[in-house]
Amino acid sequence: MQLNYNLLPTLRVLLDTRNLSLAAERLHLSQPSVSKQLAQLRRDFNDELLVREGQRWLLTPRAEQLARELADALGGLERLYAAPGFEPARCERVFRLASSDYVAQYILPEICAELARQAPGAALEYELWDKRQLPLLWESPLDLVSTITDQVPDLIRGLRQGEDGLVVLMGRQHPLAGRPLGLDDYLAWPHLQVSGGGDKDSPVERVLAPLGLARRWFARVPFFQAAVEVLCRTHCLLTTPAHIAWQLSQGHPLAYTALPFATQSQQYHLMWHQRHHQDPAHRWFRELCFPFLRDHLQRTVRESRTKL
């Protein structure tokens, strides 16, 4: 027998009201339509279900059994369609965020403090972002990525944090410290690269490569803190976003200056895959993280411009 599950809501209303007119009104149907559906239900269950007694309709024993079971069954189905709720205080989820070690040092502690305040049972796992991972974000366990990207790819959602430009960072003992750079100066000294996090080098390559020019690399390191130590002990130059140069120079003997050529500004985004977009816990976590990332970037960008 082919069952018509679409008739179950009608059955529930009929068993509740025990009145065809009231059932029709509640279902926004005509009474003949409800009568037709009742006839179909009687055939499906091989039972009269409702029996006329004078001005009343009485439930058969089978209908009384169905009334008890139907409330639970349809209630479960309705819960499937209900929007899932989220209570941070009861959350025990592990959230996963990726960015640079700079974000880990200067922004992550604030995010962690707020996470602990609102969701003390939750946990956070942080990892160093590799820009080559972006096309594979769909299969990654990461919830959020904060990084530089010119364009948010298809099926990736993003919130724009702001933008920044590149500068040249060096130790205060460097012969070039404290004066404007020329292109010859920039190319004459060895360079340091921070490989972790977003792409900080392609804007420079897009300017130099068409001219047949290239930097001479002295070292590549994955962390900004390692780069700071190298800059303080060598005559290397590090091309890096201005807000990072300003922040690092606050606590270390470093100086920064403008590049000797113009480059495209770098766009910062907080990104996640489309599959997470409507998850209430994920939405809460990204709304928690985003203001810290955006506000730190915009504040330090403003500060960096006062020194250029």
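See the structure shown above.
### Details of the packing of aromatic side chains
- Counted by the stated rule, this structure contains 6 aromatic pairs.
- For the pair F86 and W284, a centre-to-centre distance of 5.4 Å together with 50 degrees between the ring planes defines the contact as tilted. Placement of F86 in the loop between α4 (61–81) and β3 (94–99) and of W284 in helix α11 (residues 280–305) is noted, with a sequence separation of 198 residues between them.
- For F86, a relative accessible area of 25% corresponds to the partly exposed category.
- Ring geometry for Y186 against F261: centres 5.5 Å apart, planes inclined by 80 degrees, an arrangement best described as edge-to-face. Remark: F261 occurs in the loop between β11 (254–258) and β12 (266–273) and Y186 occurs in helix α7 (residues 183–188); sequence separation between them is 75 residues.
- According to the relative accessible area criterion, Y186 is buried, its value standing at 0%.

### Quick look at the sheet that holds strand β9 (residues 217–221)
- On the basis of which strands lie adjacent, the open sheet formed by 5 strands has the order β9-β8-β10-β7-β11 and mixed pairing. Looking at which strands have only one partner, the edges of the open sheet turn out to be β9 and β11. If you compare each strand with its neighbour and ignore which way they point, the axes differ by 30 degrees on average.
- Of the pairings in the sheet, the one linking strand β7 (residues 166–171) to strand β10 (residues 237–241) comprises 4 bridges and is antiparallel in character. Following the sheet pairing, L169 is matched in β10 by L238.
- In this fold helix α9 (residues 224–233) packs onto β7, β8 (191–194), β9, β10 and β11, with an angle of close to 165 degrees to the strand it touches most, β8.
- In this fold helix α10 (residues 242–251) packs onto β7, β10 and β11, with an angle of close to 115 degrees to the strand it touches most, β10.

Cut-offs used in this document
Residues numbered from 1 in each chain as written. Predicted model: local features only at pLDDT ≥ 70, side-chain atom pairs only at ≥ 80, totals over all residues. Heavy atoms only, no water. Phe/Tyr/Trp six-rings, centres within 6.5 Å; stacked < 30°, edge-to-face > 60°. Helix = DSSP H or I, 4+ residues; strand = E, 2+ residues; numbered from the N terminus. Buried < 20%, exposed > 50% of the residue type's maximum accessible area, 1.4 Å probe, protein only. Pairing = 2+ DSSP bridges. Axes fitted to C-alpha atoms, helices over the stretch in contact; angles between N-to-C directions. Contact = heavy atoms within 4.5 Å.

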